[in-house]
Amino acid sequence: MDLKAVFFDRDGVVNKDFGYVYKQEDFIFLEGIFEVLEFFKKRGYLLILVTNQSGIGMGYYTIEDFKELSQYMQKEIKKRLRFNFDGIYFCPHTAQEECLCRKPNPGMIQKAIKDFKINVSESILIGDRIRDIEAAHHAGIKYKILLQNAVYQEDIKTLTKENIEYCFQAKYLKEIVNIISNEVR
Ligand SMILES: [Zn+2]
């Protein structure tokens with residue numbers, strides 16, 4: 001049987017987005033993220049991180065910096081919840097490189113779908129940018145949640161008609177629990 005998954009964007013969803021976060025001291029978990037992770041874990045979802053990390057391609061930090069920070073993140077989540085992300089996928093390229101992994105392209109999500117044999121029709125993506133929602137749409141992920149935090153506040157209305165189906169807006173992470181309880185059977 002195929003597994004269902006929740007795909008999480010990182011900066012602005014898991015942690016505060018200060019732009020090109022790569023140091024431990026700048027990695028601040030957002031209010032409500034642990035509750036959301038636990039909610040989905042209890043319901044049998046895989047937890048997958050998919051993150052654009054163009055700071056690597058720009059030379060602001062290295063792949064090793066990113067991996068070290070990921071280890072820190074995983075360790076901190078595990079301390080609180082006794083589990084953590086099942087998979088972490090990142091794109092190190094700049095927008096100019098026109099790769100297939102950088103969101104809004106679906107490459108990272110598609111790779112995870114293959115690696116874990118994920119059923120897209122039962123899966124969810126949570127992001128704070130329209131490009132996250134578009135990447136999910138391109139990969140066939142059914143449910144999309146646009147988190148409208150203080151940094152970007154991108155509007156769901158800028159999505160095309162076909163993308164907007166099963167796309168929900170949440171102002172706070174904790175709202176996601178209600179949305180999914182009501183919308184996903
Ligand atoms: Zn890439």
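This section reports on the structure supplied with the text.

Before going further, it helps to examine the overall build of the protein. A tally of regular secondary structure across the protein gives seven helices and six strands. Each helix and strand of the protein, ordered N terminal to C terminal, gives the series β-α-β-α-α-β-α-β-α-β-α-β-α. A compact globule built from 185 residues would reach a C-alpha radius of gyration of about 16 Å, and the protein, at 15 Å, matches this within 12%. Expressed along its principal axes, the backbone C-alpha trace of the protein runs to roughly 40 × 40 × 35 Å. Residues classed as buried in the protein amount to 51% of the 185 residues present. Across the protein, the fraction of contacts at a sequence separation of at least 24, relative to all contacts at a separation of at least 6, is 64%. Summed over all atoms, the accessible surface of the protein reaches about 9,500 Å², with 48% contributed by carbon and sulfur. In the protein, the 27 positive side-chain charges and the 27 negative ones have mean positions that sit 5 Å from each other.

Here we take up the pairing of strand β3 (residues 87-91). A regular strand carries its side chains on alternate faces of the sheet. Only one face of β3 is covered, namely the one carrying Gly-87, Tyr-89 and Cys-91; the face carrying Ile-88 and Phe-90 has none of its residues buried. Inspection of the sheet shows strand β2 (residues 46-52) paired to β3 by five bridges, in the parallel sense. Its bridge partner being in β3, Val-50 is matched across the sheet by Tyr-89.

For the rest of this paragraph, the subject is helix α4 (residues 107-116). Those residues of α4 lying buried are Met-108, Ile-109, Ala-112 and Ile-113. In a view along the axis of α4, the buried residues occupy a sector of 140°, so they form one face of it. Buried residues in α4 make contact with β1 (5-8), β2, β3, β4 (124-127) and α5 (130-139).

A few words on the coordination of the zinc ion. Cys-91 (SG), His-93 (ND1), Cys-99 (SG) and Cys-101 (SG) make up the full set of protein donors to the zinc ion, lying at 2.0 to 2.3 Å. Each of the four donor atoms bound to the zinc ion contributes to angles spanning 101 to 118°, and the resulting shape is tetrahedral. If you list the donors of the zinc ion from N- to C-terminus, the spacing comes out as C-x1-H-x5-C-x1-C.

Here the focus is the environment of Tyr-22. Mapped onto the fold, Tyr-22 is located in the loop between β1 and α1 (33-42). A relative accessible area of 29% places Tyr-22 in the partly exposed class. Put simply, Tyr-22 and Ile-63 are 41 residues apart on the chain and 9.9 Å apart in space, counted from C-alpha to C-alpha. Leave out the neighbours within four places in its chain, and Tyr-22 touches Tyr-60, Tyr-61, Asp-65 and Leu-69.

Another point: the pattern of salt bridges. For the structure on display, the rule yields seven salt bridges. With a closest N to O distance of 3.5 Å, Glu-76 and Arg-80 form a salt bridge. Note that Glu-76 and Arg-80 are positioned in helix α3 (residues 63-81) at a spacing of four residues, about one turn of the helix. In this structure Glu-76 comes out as buried when scored by relative accessible area, which is 11%. Through salt bridges that share partners, Asp-9, Lys-103 and Asp-132 make up one connected network.

This brings us to the sheet that holds strand β6 (residues 167-170). Spatial ordering of the open sheet is given by β3-β2-β1-β4-β5-β6, a layout of six strands whose pairing is parallel. The open sheet has two edge strands with one neighbour each: β3 and β6. In this sheet, adjacent strand axes meet at a mean angle of 20° when their direction is disregarded. Note that β1 and β2 share four bridges and pair parallel. Across the sheet, residue Val-6 finds its bridge partner in β2, namely Leu-47. The strands touched by α1 within the sheet are β1, β2 and β4, with β1 carrying the most contacts at an inclination of about 155°. Strand contacts of α3: β2 and β3, with the helix running at about 150° to β3, the strand carrying the most contacts.

Reading the values: rules and limits
Residues numbered from 1 in each chain as written. Predicted model: local features only at pLDDT ≥ 70, side-chain atom pairs only at ≥ 80, totals over all residues. Heavy atoms only, no water. Helix = DSSP H or I, 4+ residues; strand = E, 2+ residues; numbered from the N terminus. Rg over C-alpha atoms; globule rule 2.2 N^0.38 Å. Buried < 20%, exposed > 50% of the residue type's maximum accessible area, 1.4 Å probe, protein only. Contact = heavy atoms within 4.5 Å. Areas by Shrake-Rupley, 256 points an atom, 1.4 Å probe, with all protein chains shown as cover. Lys, Arg positive; Asp, Glu negative; His and termini not counted. Charge placed at Lys NZ, Arg CZ, Asp CG, Glu CD. Pairing = 2+ DSSP bridges. Arc of directions from axis to C-beta. Donors = N, O, S within 2.8 Å, 3.2 Å for Na, K, Ca; no water. Tetrahedral: all angles 85-135°; square planar, octahedral: opposite > 155°, others 65-115°. Salt bridge = Lys/Arg side-chain N within 4 Å of Asp/Glu carboxyl O. Axes fitted to C-alpha atoms, helices over the stretch in contact; angles between N-to-C directions.

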